[in-house]
Amino acid sequence: IYKNDQYVTYAKAKVDGTFFYENGKEIRPTELTVTIGSGKKKQTLTQGVDYIIVEDGYKNNVKAGRATLTIQGIGKYGGTKEVKFTILSRWLKLN
């Protein structure tokens, strides 16, 4: 049985990086910052040790707009969480 601080469902997660622009292909960010707990008990989770990105967990990740990916807790962590990120129109990209 997991406690709330052992469920990635309750974690804060964000996609790292600058901007993602549509390019006609799937955008699949792999760098995340995932933290759980608060104050002195706040911990940063490690991908591959504490959570994984679910392979088929990407949604709406081809065209401009809001997209999501799903992470799943592993090891001593359980649960899943959807993480939102934004894909910008290719026309906004400055070369």
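Structure first, text after, so check above.
Keep in mind that this is a model prediction, so the values were computed, not measured.

**Q** Help me understand the packing of aromatic side chains, please; the structure alone is not making it clear to me.
**A** For any pair of aromatic rings, the description consists of the separation of the ring centres together with the inter-plane angle of the planes. Across all of its chains, the model carries three aromatic pairs by this definition. With a centroid separation of 6.3 Å and 75 degrees between ring planes, the pair formed by Y7 and Y10 is classed as edge-to-face. Exposure remark for Y10: the relative accessible area of 52% places this residue in the exposed category. With 5.8 Å between their ring centres and 65 degrees between their planes, F20 and F85 make a pair best called edge-to-face. Of this pair, F20 sits in strand 2 (residues 20–21) while F85 sits in strand 7 (residues 80–88), placing them 65 residues apart in sequence. No difference in accessibility class separates F20 from F85, as the two residues are buried.

**Q** I would appreciate a short explanation of the side chain of T35 in the present structure.
**A** Counting through the fold element by element, T35 comes out in strand 3 (residues 32–36). If we ignore the near neighbours within four places in the chain, the residues touching T35 are A11, K12, K42, Q43 and T44.

**Q** Explain the nonpolar core here, please?
**A** A general feature of soluble globular proteins is that nonpolar side chains tend to end up buried together. If you look at the biggest cluster of nonpolar residues, it comprises 19 residues, and the most contacted ones within it are L32, L69, I71 and F85. When contributions to this core are tallied by element, the ones reaching two or more residues are strand 3, strand 5 (51–53), strand 6 (65–73) and strand 7.

**Q** Can you help me understand the sheet that holds strand 6 in this one?
**A** Picture the strands of a sheet paired through backbone hydrogen bonds; they go either parallel or antiparallel. Here four strands make up an open sheet; going across it, the order is 2-7-6-5 and the pairing mixed. At either margin of the open sheet sits one strand with a lone partner, and together these are strand 2 and strand 5.

**Q** Is there a simple way to explain the environment of G24 in this structure?
**A** Structurally, the position occupied by G24 is in the loop between strand 2 and strand 3. Among the residues examined, G24 registers a relative accessible area of 54% and is labelled exposed. On a C-alpha basis, the gap between G24 and K42 in space is 38 Å, while along the polypeptide they are 18 residues apart. Ignoring any residue separated from it by four or fewer positions in sequence, one finds G24 in contact with V62 and R90.

**Q** I would appreciate a short explanation of the sheet that holds strand 4 (residues 43–44) in the present structure.
**A** As summarised here, the arrangement of the three strands in space is 1-3-4, forming an open sheet in which the pairing is antiparallel. Each having just a single partner strand, strand 1 (12–15) and strand 4 make up the two edges of the open sheet. For strand 3 and strand 4, the ladder comprises two bridges, and the chain directions are antiparallel. Bridged to I36 within strand 4 is Q43.

**Q** Help me understand unusual backbone geometry in this model?
**A** Note on backbone geometry: most residues besides glycine have negative phi, and most peptide bonds are trans. With phi around 55 degrees, N60 is a residue other than glycine that occupies positive phi space. Along the polypeptide, N60 turns up in the loop between strand 5 and strand 6. Judged by its relative accessible area of 61%, N60 is exposed.

Basis of the calculations
- Residues numbered from 1 in each chain as written.
- Predicted model: local features only at pLDDT ≥ 70, side-chain atom pairs only at ≥ 80, totals over all residues.
- Heavy atoms only, no water.
- Phe/Tyr/Trp six-rings, centres within 6.5 Å; stacked < 30°, edge-to-face > 60°.
- Buried < 20%, exposed > 50% of the residue type's maximum accessible area, 1.4 Å probe, protein only.
- Helix = DSSP H or I, 4+ residues; strand = E, 2+ residues; numbered from the N terminus.
- Contact = heavy atoms within 4.5 Å.
- Core = buried A, V, L, I, M, F, W, Y, C linked by side-chain atoms within 4.5 Å.
- Pairing = 2+ DSSP bridges.

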